[in-house]
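# Structural characterization, general
Take a look at the letters that make up each chain.
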Amino acid sequence: MATTPSFNPKYPLPIAVLVGAGPGDIGLFTLAGARTLALASVVIYDALANPDLLAFCSPEAELIYVGKRAGLHSFTQPEINALLVKKCREYMARPDCPGRCIVRLKGGDPFVFGRGGEEAQALTQAQIPFAVIPGITAGIAGPAYAGIPVTHRDFTSTVTFITGHQQEDSSDKSSAVPSGDESSNVDYPALAKLGGTLVFYMGVKNLPHITQRLMDCGLNADTPAAVVRMATHPEQQTVAGTVKTIAQLAQKAEIKAPAITIIGKVVSVREQMNWFESRPLFGQTILVTRTRQQASTLSDKLLELGARVIEAPTIEIAKPTDRQAALTAIQDMTNYDCVVFTSANGVQSAHQAMIALELDARDFAATVAAIGPATADALNSIGITPDIVSTDAISEELALELINYFSRIDPAKEPDAAKLDLSGYRFLLLRAEIARPSLVKMLRNAGAAVDDVPIYQTRIPESLPENAIEALQNGAVDWITFTSASTAKNLFTMLPENLRSVVGKCRRLSIGPTTSRALAELGWPATLEAQHHDIPGMVHAMVEETLRSAGAS
Ligand code: SAH
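Residues numbered from 1 in each chain as written. Predicted model: local features only at pLDDT ≥ 70, side-chain atom pairs only at ≥ 80, totals over all residues. Heavy atoms only, no water.

## Examining the packing of aromatic side chains
Across all of its chains, the model carries 15 aromatic pairs by this definition. When the centroid spacing of 4.8 Å and the interplanar angle of 65° are considered together, the rings of Tyr-145 and Trp-275 count as edge-to-face. Linking Tyr-145 in helix 4 (residues 138-145) with Trp-275 in the loop between helix 8 (270-273) and strand 11 (285-288), this pair joins segments that are 130 residues apart in sequence. Take Tyr-145: its relative accessible area is 11%, and that puts it in the buried class. One aromatic cluster is present, built from ring pairs that chain together Tyr-145, Trp-275, Phe-276 and Phe-282. Above the ring of Tyr-336, the side-chain terminus of Arg-426 is found at 4.3 Å from the ring centroid. Here the guanidinium or amino end of Arg-500 rests over the ring plane of Phe-492, the centre of that ring lying 4.0 Å away. (Phe/Tyr/Trp six-rings, centres within 6.5 Å; stacked < 30°, edge-to-face > 60°. Helix = DSSP H or I, 4+ residues; strand = E, 2+ residues; numbered from the N terminus. Buried < 20%, exposed > 50% of the residue type's maximum accessible area, 1.4 Å probe, protein only. Lys NZ or Arg CZ within 6 Å of the ring centre and 35° of its normal.)

## Notes on the site of the ligand
The ligand sits among 19 residues. The nearest are Val-112, Thr-137, Met-202, Ala-231 and Ala-259. Ala-231 has a polar backbone atom sitting 2.8 Å from a nitrogen atom of the ligand. Here an oxygen atom of the ligand sits 2.7 Å away from a polar atom, N or O, in the main chain of Ala-259. When the ligand sits alone it has 540 Å² of accessible area, and the protein chains cover 97% of it. In terms of residue class, the shell around the ligand is made up of 13 nonpolar, 4 polar and 2 charged. Mapping the shell around the ligand onto the domain boundaries places at least three of its residues in each of domain 1 (16-136) and domain 2 (140-175 + 183-273). (Near = heavy atom within 4 Å. Polar contact = N/O pair within 3.5 Å; in protein donor to acceptor, adjacent residues only side chain to side chain. Areas by Shrake-Rupley, 256 points an atom, 1.4 Å probe, with all protein chains shown as cover. Nonpolar A, V, L, I, M, F, W, Y, C, P; charged D, E, K, R; others polar. Domains from an automatic or database assignment.)

## Some words on the packing of helix 2 (residues 77-92) against helix 3 (residues 116-125)
It is at 10 Å that the axes of helix 2 and helix 3 come closest, and there the two elements cross at 45°. Judged by the angle between their axes, helix 2 and helix 3 are oblique. The hand of the helix 2/helix 3 crossing is right-handed. Of helix 3, the residues touching helix 2 (which contributes Gln-77, Ile-80, Asn-81, Leu-84, Val-85 and Cys-88) are Glu-118, Glu-119, Ala-122 and Leu-123. (Axes fitted to C-alpha atoms, helices over the stretch in contact; angles between N-to-C directions. Parallel < 35°, antiparallel > 145°, perpendicular 65-115°, else oblique. Left-handed = near helix turned anticlockwise from the far one by under 90°. Contact = heavy atoms within 4.5 Å.)

## What to know about the domain arrangement of the protein
Entries for the protein in the domain assignment read domain 1 (16-136), domain 2 (140-175 + 183-273), domain 3 (285-315 + 461-552) and domain 4 (325-453). For domain 2 versus domain 3, the distance between C-alpha centres works out to 37 Å.

## Description of helix 4
The complete set of buried residues in helix 4 reads Gly-139, Ala-141, Gly-142, Pro-143 and Tyr-145. Against strand 6 (159-163), strand 7 (197-201), strand 8 (224-229) and strand 10 (259-263) lie the buried residues of helix 4. Once helix 4 ends, the next one or two residues include Gly-147, with phi positive near 75°.

## Overview of the nonpolar core
Grouped together as the largest cluster of nonpolar side chains are 28 residues, with contacts concentrated most on Ile-330, Val-339, Phe-341, Phe-364 and Leu-430. Within the residue set of this core, elements represented by two or more residues are helix 10 (323-331), strand 14 (338-341), helix 11 (344-356), strand 15 (367-371), helix 12 (372-381), strand 17 (426-432) and strand 18 (449-459). Val-339 has contacts with Met-333, Phe-364, Ala-365, Thr-367, Val-368, Ala-369, Leu-428 and Leu-430, leaving out every residue within four places of it along the chain. With 22 residues, the next largest nonpolar core counts Ile-15, Val-85, Cys-97 and Ile-128 among its residues. (Core = buried A, V, L, I, M, F, W, Y, C linked by side-chain atoms within 4.5 Å.)

## Some thoughts on unusual backbone geometry
A cis geometry characterises the amide bond from Ala-257 onward to Pro-258, with omega recorded as 0°. Structurally, the position occupied by Pro-258 is in the loop between helix 7 (246-252) and strand 10. Its identity as a non-glycine residue notwithstanding, Met-202 has a phi of 55°, on the positive side. Among the structural elements, Met-202 can be located in the loop between strand 7 and helix 6 (207-216). Look at Met-202 and you get buried, because its relative accessible area is 9%. You will see that Thr-232, though not glycine, has its phi angle at about 75°, which is positive. Mapping Thr-232 onto the fold places it in the loop between strand 8 and strand 9 (237-242). Overall, Thr-232 belongs to the buried group, its relative accessible area being 3%.

## Here we look at the environment of Gly-196
Assignment of secondary structure puts Gly-196 in the loop between helix 5 (188-194) and strand 7. C-alpha of Gly-196 to C-alpha of Ile-263: the two residues are 67 residues apart in sequence and 8.1 Å apart in space. Apart from residues lying up to four places away in sequence, Gly-196 is in contact with Thr-156, Thr-158, Ile-263 and Gly-264.

## Re the side chain of Thr-261
In this structure, Thr-261 sits in strand 10. The class of Thr-261 is buried, set by a relative accessible area of 2%. When sequence neighbours within four positions are dropped, the list of residues in contact with Thr-261 reads Leu-198, Val-199, Phe-200, Leu-207, Ala-226 and Val-227.

Below is the structure:
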């Protein structure tokens, strides 16, 4: 029998790494896994590994999918073993890229019903040094996310992981490869006698058989039981009953793989501990229409609250038409009394231009103003604390604050008469190519000299992501968020006609009056407008409305 490859100075680092991808939620992936993916020159992954994890890979990494795909040849376990060994050998034959590795990324934990043991043996046989990074297995994460502690002093001190798979259970598309006939070794009389917590993997189709066998072997038919599908994902679905009823309940709820079945008294505490599925936006699918760069702040908050988020960028940020004018204005910033930013995009674009010009924070104007907290946050993130921030993202409000601020700090002027006098002050507005004129108008009316310089322009992306179109087509979208008039107008332009009426049926959340006006003009009046015209205000409004309508139903 081959033994573990001994230390070889030529390959001091592992060549292959079996990495556990965890149960789905990418927040449950390990730091070691993320670091290893960044080093990988090849990643061989299957269906249960969340594809979003591939974002940790370097762009040059070769990504090989070996899971099942409808209508296509799926890899057998011996083929996967052979592929893994082949990729490692190819890598070892290349002296030009030291410090990389070949990653085998597997759902949950690689050694729990994942056939990782066989892959490690194949590597050993081929004398390829390897390492294993465990992952959170579905049998731990599933119960935890369904509010079921797998052990509890009052109920049980044992937990058993069992495969419920049978060779003929070919419906379980979740596993990259069927796990053979491990289940024929399952000793049901022993399980029924042991009781405690029993956790079955891969047993959806086989559930009637599993529960019958357990009852036949003496397990109390009233023992609590639950099935958790797509655990840790926003789509998680849980059905609870007893050993006697669970198979039928699961069938009625159309539970399909991947799902975990938990049997034991611990299931009874779920009622008190169902934290994940009780989050306020759990079960809501939300389409976020901001730019890709901006979407994440909103998406992250919605995800934390339990929503399923689909990003559908309807705006792209590009350099302004007159880039030279923008660069000249930025170069000249210290000559202004105040530079005004009206969006986070403006701040980011100015920051990029400053880097290109080799300028830094010392080259800002003496006073910096921001419209709304999101713009202020963007400034803070580049090390600039704005002096003036309007509480709402409305330009009229910022204009008034600027007028008050500058009038007040000029002691030479009569306080009352000169209250609205900004003469002698120079303002630089770094904004989008198409921006509302009111801010400029109000400042000029007050006597200020204003240079309104476009620092970026927005464009309509070529198309919407496929998953967004699909969700709309399936009527799966509950909410659509609109953070500006252009997100509304652009979505309208980008959608095929039949989907425009679908938008009309979703709940539309608007950030504020300007956006609501645009929505109304498109025939999509806002279902709800945020009271505070910013992202936290939108999230708050959505949570309140969702809870209200859930309470009403
Ligand atoms: N190595 C994996 C298990 C692979 S076997 C692990 O440690 O989790 C595949 C089975 O795992 C599925 O049939 C299902 O029973 C379970 N499974 C994996 N991910 C799951 C998820 N997110 N929710 C519920 N069950 C899951």
